[in-house]
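Observations on the three-dimensional arrangement
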Amino acid sequence: MKFVIGLFVTALVSLISTLAFAHSHESVSHPEWGNYFNKAGVQGTVVFKELGREQRHFYDFKRAQKRKLPASTFKVIHSLIAYETGTVKKADHLFKWDGKPQWLKAWEQDLTFREAIKVSAVPVYKRIAKLIGPQKMKYWLNRLSYGNEKIGGGITKFWLSGDLRVSAVEQVDFLEKLYSGSLDASLKGQAFVRDILPVTQHKCFEIKGKTGLAFRKDKPHIGWWIGWAKAQQRVMFFALNIDIKDKKQYGLRRSIVVSLLEQGGLFEENICAN
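Let me sum up the structure you'll find in this document. Since this is a predicted model, take the numbers as computed values, not measurements.

So, about the nonpolar core. If you look at the biggest cluster of nonpolar residues, it comprises 59 residues, and the most contacted ones within it are F74, I128 and L141. Where this core is concerned, the elements lending two or more residues are α3 (61–65), α4 (75–84), α5 (113–118), α6 (122–143), α7 (168–180), α8 (187–196), β8 (221–231) and β9 (234–244). If one sorts the elements of this core by residue count, α6 sits on top with nine residues.

Okay, the side chain of T73 next. Within the element layout of this structure, T73 appears in the loop between α3 and α4. On the basis of relative accessible area, T73 is assigned to the buried category, the value being 1%. At a separation of 3.1 Å, a polar atom in the side chain of T73 contacts the side chain of Q171. Excluding residues within four positions of it along the chain, T73 makes contact with Y146, Q171, K210, T211, G212, W224 and I226.

Looking now at the packing of α4 against α6. Each pair of packed helices can be summarised by the angle the axes make with each other and by the distance between the axes. Packing of α4 against α6 brings their axes to within 9 Å, and their N-to-C directions diverge by 70 degrees. Comparing their axes, α6 and α4 come out roughly perpendicular. Of the residues in α6, those in contact with K75, I77, H78, S79, I81, A82 and E84 of α4 are V122, Y125, I128, A129, I132, M137, W140 and L141. Among the residues making up the contact of α4 with α6, the classes are represented as eleven nonpolar, two polar and two charged.

Rules of the game
Residue indices begin from 1 for each chain and proceed along its sequence in written order. Restriction of local features to residues with pLDDT of at least 70 applies here, the model being predicted, together with a cutoff of 80 or more for giving and counting side-chain atom pairs; totals for whole chains, interfaces and linings are based on all residues. As a convention, hydrogens and water are excluded, and side-chain values are obtained from all of the structure's heavy atoms. For the purposes of this section, nonpolar cores are sets of buried Ala, Val, Leu, Ile, Met, Phe, Trp, Tyr and Cys residues that join through side-chain atoms within 4.5 Å. The rule is simple: take the accessible area with a 1.4 Å probe, protein chains only, and divide by the maximum for that residue type; under 20% is buried, over 50% is exposed, in between is partly exposed. A run of H or I in DSSP counts as a helix once it spans at least four residues, and a run of E counts as a strand once it spans at least two, with each numbered from the N terminus. Distance and chemistry together define a polar contact, namely a pair of N or O atoms within 3.5 Å, with one atom able to donate a hydrogen and the other to accept it when in protein, and with adjacent residues in sequence counting only for side-chain atoms on both sides. In this description, contact between two residues means that some pair of their heavy atoms is separated by no more than 4.5 Å. Axis lines are fitted to C-alpha atoms, over the contacting stretch for helices. Their N-to-C directions set the angle, which ranges from 0 to 180 degrees. In these notes the angle categories are as follows: under 35 degrees is roughly parallel, over 145 is roughly antiparallel, 65 to 115 is roughly perpendicular, and the rest is oblique. Nonpolar residues are Ala, Val, Leu, Ile, Met, Phe, Trp, Tyr, Cys and Pro. Charged residues are Asp, Glu, Lys and Arg, and all others, Gly as well, are polar.

Below is the structure:
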């Protein structure tokens, strides 16, 4: 009986917190966006928030709040921590390839820091994580309030297969603070990260963001794309995650977000009309 009551109380608290969050942030549900996910044949969530506005727009609010492995989207905050700890101070900081075969051919070469984030070079960021060390890494995750702030699973793997988790809602909040320079970090460090973020070319928007892919055994992988799109002085932050079953679905991370930016009615006027 106590167990049943406990489950009821837990469910009630969860419902109240969800409703309170939705109300306080004027969150707007877009069930019609499910057509984009259904057409792509994937399950997932997406959150959008325009700079300077309270409203969050989302598809699948429950999933948007659920924390998941950030995978290579962590390279955004990882780069900031690298700068703040003095591990990397220049975009052209060179990392020499050790000559070992890598998962991607693009990683089998010397890479500057700017190039490393562009090709999502995991070996480079593993080296950086070792240099930062667990104590400083944990300090900065706590200071920046990133996700669940956990680094269990190893200093070179905690964001890939370890204990770190973050939600799509939290990713958007973090990005807006990074863009605005309001994180608890130096202004130079935040500007440094904004500068090196990879750019996706588009006819209507300047899109800066980072993909991620968390591999899971016997389960669909978690595919991420987070960032912001800028058009006519309007800035829209976004975070998407989807379940990925094969390589053919990798590109859906970008295509779903871009389609919603173009057609989802996020802007008061159709910025991408022409």
